[in-house]
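Residue-level structure breakdown
This is what each chain is made of:
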Amino acid sequence: QRWDEAMTNYRKALDFAQKTKVKETEKVTQTRDALAQCMLVVARQQFGKNQLEECLTSASTLIKELGTETPAALGISSLGVYAALNLYSKIPDEQKDAKEAALQRLVKVATFVSNTWPQKPEADDARIALGNSHLVGGRIDEALKDAEYGDVRSAAPVELIRDVCIIARYRDAETVMGRGGAPERDRRC
């Protein structure tokens, strides 16, 4: 409740600054950043309590209200990726429409993060989350596509490629043993 009160007060201050046409000052920037930090804390609490839909809503609200330039935007967006991934993974495979909708939401959130901050580790995490969703769904080629994203800064996509290759080899071995025929070796592995 204290965080809600703080957010309300920060929003009032920002509204007042906008109504009175206060130029972008250091105080306005600090107020905007403080509001964003409060929103991030609330989203983390929601995630910790497994309130994943609320966490995604908080992330979306921060981006809509304050944009991507505030320091908390990257952190809350990354949290949104994990909330979307957790929601996707909890839906039973039998619920195909719900599973597909959750996957599309994950793709949207992860793509936003990786396109907005392509050189940040959080973008790598977003691509890994997408890759993991594809692995869980048995879509190995799509997982490899996500792992082969161009100019990344961390080793995380390399780890994802390794995991995909292990699964691809398992699939190939299963094909050989189960149905006969020689699998083609994936050159990326």
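Anything mentioned here points back to the structure above.
What comes next concerns the included structure. Predicted, not measured: the structure shown is a model, and the values here were computed from it.

1. Comments concerning the environment of Q46
Tracing the backbone through its elements, the reader meets Q46 in helix α2 (residues 26-48). Taking the relative accessible area as the measure of exposure, Q46 reaches 13% and is therefore buried. Sequence separation between Q46 and L56 is 10 residues, and the spatial gap between their C-alpha atoms is 9.2 Å. Among all residues touching Q46, those that are not within four sequence positions of it are Q51, E54, C55 and S58.

2. What about the environment of A98?
Relative to the helices and strands, A98 resides in helix α5 (residues 96-116). Judged by relative accessible area, A98 falls into the partly exposed class, the value being 34%. The spatial distance from the C-alpha of A98 to the C-alpha of Y88 is 8.6 Å, given a sequence separation of 10 residues.

3. Looking at unusual backbone geometry
Its identity as a non-glycine residue notwithstanding, K21 has a phi of 55 degrees, on the positive side. By secondary structure assignment, the location of K21 is in the loop between α1 (2-19) and α2.

4. Some details on the environment of R2
Take R2: it is sitting in helix α1. Using a relative accessible area of 74% as the deciding quantity, one classes R2 as exposed. Distance from R2 to C38, taken between C-alpha atoms, is 9.8 Å for residues 36 residues apart in sequence.

5. Things to note about α2
Between its first and last C-alpha atoms α2 spans 33 Å; for 23 residues at 1.5 Å apiece the expected length is 33 Å, and the two agree. Buried within α2 are the following residues: V28, T31, A34, L35, A36, C38, M39, L40, V42, A43 and Q46. Packed against the buried residues of α2 are α1, α3 (52-66) and α4 (72-90). Just beyond α2, the residue with positive phi is N50, at close to 65 degrees.

What counts, and at which threshold
For every chain, the first residue of the written sequence is number 1, and numbering continues from 1 along that sequence. For a predicted model such as this one, the threshold for reporting local features is a pLDDT of at least 70, and the threshold for listing and counting side-chain atom pairs is 80 or more; totals across whole chains, interfaces and linings nevertheless cover every residue. With hydrogens and water excluded, all non-hydrogen atoms of the structure serve as input to the side-chain values. Helix numbers and strand numbers start at the N terminus; a helix is a DSSP run of H or I with at least 4 residues, a strand a run of E with at least 2. Residue exposure (1.4 Å probe, protein chains only): buried if accessible area is under 20% of the type maximum, exposed if over 50%, otherwise partly exposed. What makes two residues a contact is simply this: any of their non-hydrogen atoms within 4.5 Å. Expected span, for any helix, means 1.5 Å times one less than how many residues it has.

None of the figures reported here should be taken as evidence of function without further support.
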